[in-house]
Amino acid sequence: VTGDGLVDLVVVGTGRSAGNRRSPSYVRVFKGSASYPHFDFNAPIYERLFDKATPDVEILDVNDDQIPDLYVVLSDETTDGTYCAGVFNNRKWWEKRNQPPKKWIPPTDFTNDMLLVGTGHADNLFTEVVMKHAEPGCGWIAERFGSGRTMILAQGTTNRPGHNLLLQW
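Residues numbered from 1 in each chain as written. Predicted model: local features only at pLDDT ≥ 70, side-chain atom pairs only at ≥ 80, totals over all residues. Heavy atoms only, no water.

### Concerning the state of the cysteines
Scanning all chains against the criterion turns up one disulfide. Covalent S-S linkage joins Cys84 and Cys138, the inter-sulfur distance amounting to 2.2 Å. As the torsion about the S-S bond is roughly -100°, the Cys84-Cys138 disulfide counts as left-handed. With Cys84 in the loop between β5 (69-75) and α1 (90-93) and Cys138 in the loop between β9 (135-136) and β10 (141-144), this pair connects stretches of sequence that are 54 residues apart. Comparing Cys84 with Cys138, the two get one shared label, buried. (Disulfide = S-S within 2.5 Å. Helix = DSSP H or I, 4+ residues; strand = E, 2+ residues; numbered from the N terminus. Buried < 20%, exposed > 50% of the residue type's maximum accessible area, 1.4 Å probe, protein only.)

As structure tokens, then:
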């Protein structure tokens, strides 16, 4: 991320999903060092807190400027009783079944993901771009796919259905 030839570490933390006292979700970047322990976990070089869960991040160069960008997946897992909350009860959503009916469509995830476009400047590493898309599901994982200009955003998990979204640029 810093361009100094050493591996840096990018971490997303989902905080506590639901409950009385939840910690915030975040994305943190730690600068790599050639000597042990390689990262100072008390001094991130970049930190951004979120009020929604951050289940995944993908590191890619969106604008082909040779500077890494971060795509941060956000999900509404902070409200008790929602489809995406950590206290998900499938029988509440699917009536008396453990699996959804064949034509069941999950609620739409209106939580905006965040694209952090790398700037290459040490004093301001990223420019924030809000990704305003809405798809049924929770927003879970982003994976590069095919060329460097394609990504799949999986809105579902193994226990919570959702659509997949193909992002191309």
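### Concerning the sheet that holds strand β8 (residues 124-131)
Reading across from one edge, β4-β5-β7-β8 is the order of the four strands in this open sheet, with antiparallel pairing throughout. Both edges of this open sheet fall to β4 (53-60) and β8, since each of them pairs with a single strand only. Here the strands of the sheet are splayed against their neighbours by 25° on average, with no regard to which way each runs. (Pairing = 2+ DSSP bridges. Axes fitted to C-alpha atoms, helices over the stretch in contact; angles between N-to-C directions.)

### Here we look at empty space enclosed by the protein
For the structure shown, the criterion picks out one cavity of 30 Å³ or more. Estimates place the volume of the largest cavity at around 30 Å³. Looking at the lining of the largest cavity, the elements with two or more residues in it are β7 (113-121) and β8. Within the lining of the largest cavity, the residues separate by chemical class into five nonpolar, three polar and no charged. (1 Å grid on protein atoms, 1.4 Å probe; cavity = no way out; pocket = protein on both sides within 12 Å on 5 of 7 lines; lining within 4 Å. Points joined across faces, edges and corners; volume = space filled by probe spheres on them. Nonpolar A, V, L, I, M, F, W, Y, C, P; charged D, E, K, R; others polar.)

### Focus on the nonpolar core
Judged by nonpolar contacts, the single largest core of 13 residues is most densely connected at Val27, Tyr46, Leu70, Val72, Leu116 and Phe126. For this core, the secondary-structure elements that each account for two or more residues are β2 (25-30), β3 (46-50), β5, β7 and β8. In terms of residues, this core owes the most to one element, β5, which gives three residues. Residues Leu60, Tyr71, Ala142 and Leu165 belong to the second largest nonpolar core, which totals 11 residues. (Core = buried A, V, L, I, M, F, W, Y, C linked by side-chain atoms within 4.5 Å.)

### Some points on the side chain of Glu58
Mapped onto the elements, Glu58 comes out in strand β4. A polar contact of 2.9 Å, which involves the side chain of Glu58, links it to the side chain of Arg144. (Polar contact = N/O pair within 3.5 Å; in protein donor to acceptor, adjacent residues only side chain to side chain.)

### Things to note about the packing of aromatic side chains
Under the criterion given, the structure shown has three aromatic pairs. Summarising the aromatic geometry, the rings of Phe39 and Phe41 are spaced 6.0 Å apart at their centres and angled 40° between planes, so their arrangement reads as tilted. Looking at Phe41, the relative accessible area reads 52%, which means it is exposed. Look at Tyr46 and Phe126: their rings are 4.9 Å apart centre to centre, the planes differ by 70°, and that puts the pair in the edge-to-face class. Highlighted residues: Tyr46 in strand β3 and Phe126 in strand β8, separated in sequence by 80 residues. Taken as a pair, Tyr46 and Phe126 share a single burial class, namely buried. (Phe/Tyr/Trp six-rings, centres within 6.5 Å; stacked < 30°, edge-to-face > 60°.)

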